[in-house]
There are 2 protein chains.
Amino acid sequence: MPYTYTYPRPALTVDAVVFGFDEGALKILLIQRAHPPFEGRWAFPGGFVHVDETLDQAVRRELEEETGASRIYLEQLYSFGALDRDPRERVVSVAYYALVRLSDYRIRAATDARAARWFPAAHTPRLAFDHAEILKVARGRLRGKVRYQPVGFELLPEKFTLTEIQHLYEAVLESELDKRNFRRKLLAMGLLAELNEYQTGVRHRAARLYRFDRRRYQELTRRGFDFEL
Amino acid sequence: MPYTYTYPRPALTVDAVVFGFDEGALKILLIQRAHPPFEGRWAFPGGFVHVDETLDQAVRRELEEETGASRIYLEQLYSFGALDRDPRERVVSVAYYALVRLSDYRIRAATDARAARWFPAAHTPRLAFDHAEILKVARGRLRGKVRYQPVGFELLPEKFTLTEIQHLYEAVLESELDKRNFRRKLLAMGLLAELNEYQTGVRHRAARLYRFDRRRYQELTRRGFDFEL
DNA sequence: CCAAAAGTGTTTCACGTACACCCATGC
DNA sequence: GCATGGGTGTACGTGAAACACTTTTGG
């Protein structure tokens, strides 16, 4: 059933830069394209926005379809509208970035058998479309965000060690941090609940586990508290 | 000549929140709608994105058409995609915000005789569509931006006094600032060129005029300098 | 006992913040 | 001469940054 308009319309898509954190490095989820254009190249999960769904709904649908992931942190990034970003026709894409707990579940490949894989954010294969630019914007945004909003925890397992979160910050900020200063400042905010549990399976002294205290954060935020690291 | 697609497509528009600064207050430019829906209500300048123009080009074209303003500071804000934001059909809008030197030129009404007027950003009439929400996002973004990027100068005349820029910051941040501390910090950055010119036409001691030194800013930025107020 | 990472305090310095009075000018 | 805003300096306290050694555990 065709749809007709008085003036030509750009196609509208959404794309998602999905970040994960694993083995001390920031990762992103890519899907290998099975068809032209850019056949064989890697690209972000994404697709067309249906007329009866919001932009957010469109991204969540695509992520669910292509990765099986739901209930993830999602934020709109930027809309890309260069004329030649898709060689087939005019396509405007609203890009999002997502943060997932890589530890919680392994991303499964989509049903249509396209390969889905995690790559280090710093070393990806050549990307399709303008996705290299989108990635750059996404990394910059995450770098900014992580400093004044407690979004880093979205990338960590429920229980984590202070060293793990420090490594996460170092990966996102692309700089080394001082262990003592980092811990002092983080703990001083009072957002971490100290657990009576410790790492297991390590061949050195086991580190204490912590949990991010969401309620406490909301409480403090209501009182005008500003997260800042 | 009609255009036909296999699947229905949302319409794509751009809208611009145009900020100005005058009489010590932050202003925004609104246009009174001449036709339904929301006939008579005020709204941001904006319109459909043509298939052969980028998003930025679309905003600039609309601003030029509706206000006569070109060469203004422009930045993409957010894309709004709620299902019912336009009662006629599904419309996704990419919102921008713009900063103009209200002092440089008076905005003229559009050729089609719709009224264009400046309103205090804090006290607007009821807005059409979801423009009240867009305005809220725009003000928040400007508030954040102004603290770590020297965009405030886009709103001021070429030559300005320290008190003027302080009032601008107070209007944007919605808080009072200490005169001595503000001046010290601003001058310490070395981004202002002190002119040997003074205010005229005031009935008190005339204040010295300054100019924002763009070259200096670019030079410092290249060396890793971070603007912060 | 060795390797590996956990955990812990103090000093220094820069910067943010609070605060009040005299000066220059136009009318 | 008076009203109006312009212009200026200091003291204090907080927080960022730099920095090294002991402890615990598993193998």
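Up top you'll find the structure we're talking about.
Residues numbered from 1 in each chain as written. Chains lettered and ligands numbered in written order. Predicted model: local features only at pLDDT ≥ 70, side-chain atom pairs only at ≥ 80, totals over all residues. Heavy atoms only, no water.

Trainee: Looking at this structure, how should I read the environment of Leu12(B)?
Mentor: With respect to the element layout, Leu12(B) can be found in strand S2 (residues 11–22). When the C-alpha atoms of Leu12(B) and Leu162(B) are compared, they prove to be 42 Å apart, with 150 residues separating the residues in sequence. Setting aside anything within four residues of it in sequence, one finds Leu12(B) in contact with Pro10(A), Leu12(A), Val92(A), Gly47(B), Phe48(B), Val49(B), Leu55(B), Val92(B) and Val94(B). (Helix = DSSP H or I, 4+ residues; strand = E, 2+ residues; numbered from the N terminus. Contact = heavy atoms within 4.5 Å.)

Trainee: Sorry, what's going on with helix H1 (residues 55–67) of chain A here?
Mentor: Every α-helix winds through 3.6 residues per turn, so residues three or four apart in the chain are directed the same way. Residues and elements named next belong to chain A. Between its first and last C-alpha, H1 extends 18 Å over 13 residues, near the 18 Å set by a 1.5 Å rise per residue. When H1 is considered as a whole, its buried residues turn out to be Leu55, Ala58, Val59, Arg61, Glu62, Leu63, Glu66 and Thr67. Phi for Gly68, located one or two positions after H1, is positive at around 80°. (Expected span 1.5 Å × (residues − 1). Buried < 20%, exposed > 50% of the residue type's maximum accessible area, 1.4 Å probe, protein only.)

Trainee: What exactly am I supposed to notice about the protein's contact with DNA strand C here?
Mentor: Taken together, the neighbourhood of DNA strand C is formed by 19 residues, with Thr163(A), Lys179(A), Arg183(A), Arg184(A) and Asn181(B) sitting nearest. Backbone sugar and phosphate groups make up 41% of those atoms of DNA strand C lying within 4 Å of the protein. The separation between a base nitrogen of DNA strand C and a polar side-chain atom of Lys179(A) is 2.7 Å. In the environment of DNA strand C, a base nitrogen lies 3.2 Å from a nitrogen or oxygen atom belonging to the side chain of Arg180(B). Listing elements by their share of the surface near DNA strand C, those giving two or more residues are helix H4 (179–188) of chain A together with helix H4 (179–188) of chain B. (Near = heavy atom within 4 Å. Polar contact = N/O pair within 3.5 Å; in protein donor to acceptor, adjacent residues only side chain to side chain.)

Trainee: Is there a simple way to think about the protein's contact with DNA strand D in this case?
Mentor: Residues in close proximity to DNA strand D total 19 residues, the closest being Arg205(A), Lys179(B), Arg183(B), Arg184(B) and Arg208(B). If you look at DNA strand D and keep only atoms within 4 Å of the protein, 41% of those are sugar or phosphate atoms. Lys185(A) places a side-chain nitrogen or oxygen 3.3 Å from a phosphate oxygen of DNA strand D. Secondary structure elements with two or more residues in the surface near DNA strand D: H4 of chain A together with H4 of chain B.

Trainee: Looking at this structure, how should I read the pattern of salt bridges?
Mentor: Between side chains of opposite charge, a pair can form as their charged atoms come close. What the rule picks out here adds up to 34 salt bridges over all chains. For Glu154(B), the salt bridge is made with Arg214(B), and the minimal N-O distance between the two is 3.3 Å. In this pair, Glu154(B) is assigned in the loop between helix H2 (131–148) and strand S9 (159–160) and Arg214(B) in helix H5 (residues 214–222), connecting sequence segments 60 residues apart. Judged by relative accessible area, Glu154(B) falls into the buried class, the value being 17%. Exposure remark for Arg214(B): the relative accessible area of 33% places this residue in the partly exposed category. Taking the shortest distance from any N to any O, the salt bridge between Glu197(B) and Lys159(B) comes out at 3.0 Å. A residue pair is termed long-range when its members are at least 10 positions apart, and Glu197(B) in strand S10 (residues 192–198) and Lys159(B) in strand S9 qualify at 38 residues. Note on Glu197(B): relative accessible area 32%, which makes it partly exposed. A single network of salt bridges, built from pairs that share partners, joins Glu53(A), Arg61(A), Glu62(A) and Glu65(A). (Salt bridge = Lys/Arg side-chain N within 4 Å of Asp/Glu carboxyl O.)

Trainee: Just to check I follow, could you spell out the layout of surface pockets for this structure?
Mentor: In this approach the atoms are scanned with a rolling probe the size of a water molecule, which exposes any empty space left behind. In this structure, the largest pocket spans a volume of roughly 2,300 Å³. For the largest pocket, the lining is made up of 49 residues, of which Gly144(A), Tyr148(A), Gly144(B), Lys145(B) and Tyr148(B) are closest to its centre. At the level of secondary structure, the elements contributing two or more residues to the lining of the largest pocket comprise strand S6 (73–80), helix H2 (131–148) and helix H5 (214–222) of chain A together with strand S6 (73–80), H2 and H5 of chain B. Looking at side-chain class alone, the lining of the largest pocket contains 20 nonpolar, 11 polar and 18 charged residues. In this structure, the second largest pocket encloses a volume near 830 Å³. Every residue lining the second largest pocket is counted, 37 residues in all, and those nearest its centre are Thr13(A), Gly46(A), Gly47(A), Phe48(A) and Arg88(A). Secondary structure elements with two or more residues in the lining of the second largest pocket: strand S2 (11–22), strand S5 (46–48), H1 and strand S7 (91–99) of chain A. When residues of the lining of the second largest pocket are assigned to their parent elements, the largest contribution, five residues, is made by S2(A). Its residues assigned to classes, the lining of the second largest pocket shows 18 nonpolar, eight polar and 11 charged. (1 Å grid on protein atoms, 1.4 Å probe; cavity = no way out; pocket = protein on both sides within 12 Å on 5 of 7 lines; lining within 4 Å. Points joined across faces, edges and corners; volume = space filled by probe spheres on them. Nonpolar A, V, L, I, M, F, W, Y, C, P; charged D, E, K, R; others polar.)

Trainee: Explanation requested: the relation of the copies chain B and chain A in the structure shown.
Mentor: Both copies of the chain are placed relative to one another by a rotation about an axis and a shift along it. Superposing chain B onto chain A takes a rotation of 180° plus a shift of 0.0 Å along the axis, which leaves an RMSD of 0.1 Å. Look at the turn and shift together and you get a two-fold axis relating the two. Considering only C-alpha atoms, the residue of chain B closest to the rotation axis is Thr4(B), which sits at 2.1 Å. (Least-squares fit on C-alpha atoms with pLDDT ≥ 70 in both.)

Trainee: I'm lost on the packing of aromatic side chains in this one. Help?
Mentor: Working definition: an aromatic ring pair is given by the centre-to-centre distance plus the angle between the planes. Tallied over the entire structure, the rule returns 19 aromatic pairs over all chains. Plain terms: the ring middles of Phe212(B) and Tyr217(B) are 6.0 Å apart, the flat faces sit at 45° to each other, and that makes the pair tilted. The pair formed by Phe212(B) and Tyr217(B) is uniform in burial state, with each residue classed as buried. In this structure, Arg9(A) is placed above the aromatic ring of Tyr5(A), and the distance from its NZ or CZ to the ring centre is 3.8 Å. (Phe/Tyr/Trp six-rings, centres within 6.5 Å; stacked < 30°, edge-to-face > 60°. Lys NZ or Arg CZ within 6 Å of the ring centre and 35° of its normal.)

Keep in mind that these numbers describe shape and distance, not what the molecule does.
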